[in-house]
Amino acid sequence: MVDKVQTDAVEALSGLLFDGMTIMAGGFGLCGIPENLIAAIRETGVKDLTVVSNNCGVDGFGLGILLENRQIRKMISSYVGENKLFEQLYLSGELELEFNPQGTLAERIRAGGAGIPAFFTKTGVGTLVAEGKEVREFDGELYVMERGLTADLAIVKAWKADAEGNLVYRKTARNFNPMMATAGKATVVEVEDIVAIGALDKDNIHTPGIYVDRVLKGATFEKRIERVTTRPRGQKTEETV
């Protein structure tokens, strides 16, 4: 069996990065992002990247640090609202953006991983989303064609893995990660814990190790929260009144 376990993020990315490549990065906001792998990519200085991700982190964290370092040429995303630099670079023409409805983005990634080159969806028909794309009628309804997405590299965050690369995600941190794990020519995963082979409940494995090329235990996880919304301690709500 090929040894998939790497000592750190730098080793895990060795030989996989090159200028102009396409990278899929898991996460939703800052939830379930591969923090250590993103930081390692920044240190390499690789540039002209096309990044497929729901969003681009926030200013100063997550994929936002690659924006600050001017390493990203194009984003394929569905949401940009938490990153002021993203907005500035896009409006100034320094950053190319391919905007997708969120469900369409998820399905494009899933389709790419399943070997499906294109599919038709009603989402976006009659809007800017459909411009330049084939629109076809099925059973009296119009559908727009969307292409499946693949990448040179998928960087994924999971909760646990074993040495064979079988993965378990934790709650909402699963998000885009399982789909992206299937759609990269190479898939590198950072986890919080690596357990012995056989320790994972086989019925609860979310991503089989066949999709994973390299796995590492992350050195640190900040797990930042984009917006902390709290109320004063003891304040009553409608539910408690």
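Here the structure is a predicted model, which means the values were calculated and not measured.

### Some points on helix H4 (residues 84–92)
Right, on to step 1. Where H4 is concerned, the buried positions are Leu85, Phe86 and Leu89. Taken end-on, H4 shows its buried residues confined to a sector of 105 degrees, consistent with a single buried face. Exposed and facing more than 90 degrees away from the buried side of H4 are Lys84 and Leu91.
Right, on to step 2. If you follow the buried residues of H4, they end up packed against helix H3 (64–68), strand S4 (72–77) and strand S5 (96–99).
Right, on to step 3. Where H4 begins, one side-chain oxygen reaches toward the backbone nitrogen of Leu85, 3.1 Å away; that side chain belongs to Asn83.
Right, on to step 4. Just past H4, the residue Gly93 takes up positive phi, approximately 85 degrees.

### Section: the side chain of Ser78
Right, on to step 1. Relative to the helices and strands, Ser78 is located in the loop between S4 and H4.
Right, on to step 2. Note on Ser78: relative accessible area 14%, which makes it buried.
Right, on to step 3. At 2.5 Å, the side chain of Ser78 and the side chain of Asn54 are in polar contact.
Right, on to step 4. Those residues in contact with Ser78, other than ones at most four positions away along the chain, are Ser53, Asn54, Phe99, Asn100, Pro101, Gln102 and Leu105.

### Let's talk about the pairing of strand S8 (residues 141–147)
Within a regular strand, the side chains alternate between the two sheet faces.
Right, on to step 1. As paired strands, strand S6 (residues 118–121) and S8 are joined by four bridges and run antiparallel to one another. By the bridge assignment, Thr121 is partnered in S8 with Val144.
Right, on to step 2. In the sheet, strand S7 (residues 135–138) pairs with S8 via four bridges, with the strands oriented antiparallel. In the strand pairing of S8, Phe138 is matched with Glu141.

### A short note on the packing of aromatic side chains
Right, on to step 1. Counting across every chain of the model gives two aromatic pairs.
Right, on to step 2. Just above the ring of Trp159 sits the side chain of Lys160; from NZ or CZ to the centre is 4.6 Å.
Right, on to step 3. One cation-aromatic arrangement involves Arg170 over Trp159; the distance from NZ or CZ to the ring centre is 5.9 Å.

Thresholds applied
- Residues numbered from 1 in each chain as written.
- Predicted model: local features only at pLDDT ≥ 70, side-chain atom pairs only at ≥ 80, totals over all residues.
- Heavy atoms only, no water.
- Buried < 20%, exposed > 50% of the residue type's maximum accessible area, 1.4 Å probe, protein only.
- Helix = DSSP H or I, 4+ residues; strand = E, 2+ residues; numbered from the N terminus.
- Arc of directions from axis to C-beta.
- Contact = heavy atoms within 4.5 Å.
- Polar contact = N/O pair within 3.5 Å; in protein donor to acceptor, adjacent residues only side chain to side chain.
- Pairing = 2+ DSSP bridges.
- Phe/Tyr/Trp six-rings, centres within 6.5 Å; stacked < 30°, edge-to-face > 60°.
- Lys NZ or Arg CZ within 6 Å of the ring centre and 35° of its normal.

By themselves these figures say nothing about function.
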